[in-house]
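Breakdown of the fold
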Amino acid sequence: MKHDLRAETFKMIILDAFSKAVSRNHLLEKYEKRILNLERKIDMLTDQVEKLKRFVASRGLGEAFVEFVKSLAPKTMKQRLEDVESGIDVHNRQREMSERVR
């Protein structure tokens, strides 16, 4: 009786280990496919960035591109205030010019 219990316990342990191994292999395959797809996307994006760099360089647009990228960055409160003040200065100068013309 004890022998049958040990054999049955051993059999259950083996089946459980096999089941876990199959699950791990399934997950490994699943994530390997995802990693491969992501690596392909990275390669494609890297290629596109290199083409963009060559295009920008061939047209002499490097400085303009840098300014464009900077314009996309979020501004600090100080930068916002400076922009507003600059706009106010331009408006005041335009108003003074129009008043002189009259």
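These figures come from a predicted structure and were not determined experimentally. (Residues numbered from 1 in each chain as written. Predicted model: local features only at pLDDT ≥ 70, side-chain atom pairs only at ≥ 80, totals over all residues. Heavy atoms only, no water.)

A cluster of nonpolar side chains, contributed by Leu52, Phe55, Leu61, Phe65, Phe68, Val69 and Leu72, occupies part of the molecular surface with about 630 Å² of accessible area. For the nonpolar patch, the elements supplying multiple residues, two or more each, are α1 (2-58) and α2 (62-72). Among the elements that take part in the nonpolar patch, α2 stands out by supplying four residues, more than any other. In this structure, Val69 sits in helix α2. (Patch = residues over 30% accessible without salt bridge, like charges linked within 9 Å, V, L, I, M, F, W, Y side chains within 5 Å. Areas by Shrake-Rupley, 256 points an atom, 1.4 Å probe, with all protein chains shown as cover. Salt bridge = Lys/Arg side-chain N within 4 Å of Asp/Glu carboxyl O. Helix = DSSP H or I, 4+ residues; strand = E, 2+ residues; numbered from the N terminus.)

Tallied over the entire structure, the rule returns six salt bridges. A salt bridge links Asp16 to Lys20, with the shortest nitrogen-to-oxygen separation between them at 3.5 Å. On the criterion of helical spacing, the pair formed by Asp16 and Lys20 is a turn pair, its members being four residues apart in helix α1. Taking the relative accessible area as the measure of exposure, Asp16 reaches 40% and is therefore partly exposed. Of the residues examined, Lys20 reaches a relative accessible area of 43% and is grouped as partly exposed. (Buried < 20%, exposed > 50% of the residue type's maximum accessible area, 1.4 Å probe, protein only.)

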